[in-house]
Amino acid sequence: MLSRTADHLFWMSRYTERAENTARMLDVNYQTSLLPQSQAVAQMGWQGLLSISELLHSYKEKYGEIQAREVMDFMVKDESNPSSIMSCLSAARENARAVRGALTTEVWETQNTTWLEVKRMIKSGDFEKDPSQFFEWVKFRSHLSRGVTVGTMLMDESLHFMRLGTFLERADNTARLVDVKFHAVESDFFGAASEKDQEYDFYHWSAILRSVSAFEIYRKVYRDVIKPERVAELLILKPDMPRSLHASLNEVVGNLALAASNPDSETLRRAGKLRSELQYGRIDEILATGLHAYLTQFLDRVNDLGAHISREFLVPVT
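Predicted model, so just to flag it, every value in this text is computed and none were measured.

Side note on the packing of helix H2 (residues 39–52) against helix H4 (residues 68–76)
Two measures define how a pair of helices packs: the angle their axes make with one another and the distance between the axes. Look at H2 against H4: their axes get within 10 Å of each other, and the N-to-C directions meet at 25 degrees. Judged on the interaxial angle alone, H4 and H2 are roughly parallel. Here the hand of the crossing between H2 and H4 comes out left-handed. Packed against H2, whose contacting residues are Trp46, Leu49 and Leu50, the element H4 presents Ala68, Val71, Met72, Phe74 and Met75 at the interface. Tallied by class, residues from the contact of H2 with H4 come to eight nonpolar, no polar and no charged.

This is the structure we're talking about:
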């Protein structure tokens, strides 16, 4: 396969997944902002979201003070922000158009329709009328794109690079989501003293679980009240939780092994090493050494892995 074709397929899937994950992060922040809390706490939540997306400086340059509505506009509609939902869906569609011949009709039409529909929705003000409904629509279109891809594409290198892009992006975004929400809580062990705090904790952590479609999964796996350390364990170490770091790295390693012609590939070795640390990791060890430090290091290694994939398989960055 031509490296340029692989590059477009990889980034088409990454941008689609990024749009979904941006919608998930915004939705959990929007939902938690509706809980009773001080303005300072609410503002910290929005600032954390911008920080973890590495967009705080860009936002402040354009908008100044942090306001919930302006942060959402910046992360949804602002096409000068390369990580906004509009920018991601536009980039996904452009990458799909560049390799139209490598895609099935269904995959192309799904990407194209998503872009046309999101432009219509933004123009007609659907986002402002009901942000949660809009975020659900973005997630649904991403689910549809993945389903159509797996259901209609030949199981060859094209599909492997698309899946690789999806799960590398998912690993990055899940780590960011866990980090921003846990880092927002000041203490490392979040025992809430008062009944009111415990009630807030429940809504805070359930919103995070719902943001990654894991609320029912948590109940099924743990059959217990929601505890922060178990939320972290579910989203980091559980291989059967679809959006966990471990599950994402399993998919990355599996698709890399199918795409790599060289079994001694350095990219494959690094991915396998990162996956094995998740496979044999324990949440008490991670929490003891510091969750924020662990996730920061994980994000650096995922970023490094993405750079190695680009160098080995895709169009070199000039």
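Resuming the write-up.
Focus: empty space enclosed by the protein
Left-over empty space is what a probe sized like a water molecule reveals as it rolls over the atoms. Taken as a whole and assessed by the stated rule, the structure comprises three cavities of 30 Å³ or more. There is about 100 Å³ of room inside the largest cavity. The wall of the largest cavity is formed by Met12, Ser13, Thr16, Gln111, Ser142, Ser145, Arg146, Thr149, Val150, Met162, Arg163 and Thr166. Only helix H1 (3–33), helix H8 (131–152) and helix H9 (157–183) provide two or more residues apiece to the lining of the largest cavity. Per element, the largest residue contribution to the lining of the largest cavity is five residues, and it comes from H8. Partitioning the lining of the largest cavity into residue classes produces three nonpolar, seven polar and two charged.

Thresholds applied
- Residues numbered from 1 in each chain as written.
- Predicted model: local features only at pLDDT ≥ 70, side-chain atom pairs only at ≥ 80, totals over all residues.
- Heavy atoms only, no water.
- Axes fitted to C-alpha atoms, helices over the stretch in contact; angles between N-to-C directions.
- Helix = DSSP H or I, 4+ residues; strand = E, 2+ residues; numbered from the N terminus.
- Parallel < 35°, antiparallel > 145°, perpendicular 65-115°, else oblique.
- Left-handed = near helix turned anticlockwise from the far one by under 90°.
- Contact = heavy atoms within 4.5 Å.
- Nonpolar A, V, L, I, M, F, W, Y, C, P; charged D, E, K, R; others polar.
- 1 Å grid on protein atoms, 1.4 Å probe; cavity = no way out; pocket = protein on both sides within 12 Å on 5 of 7 lines; lining within 4 Å.
- Points joined across faces, edges and corners; volume = space filled by probe spheres on them.

It is worth stressing that arrangement in space is one thing and function is another; only the former is reported here.
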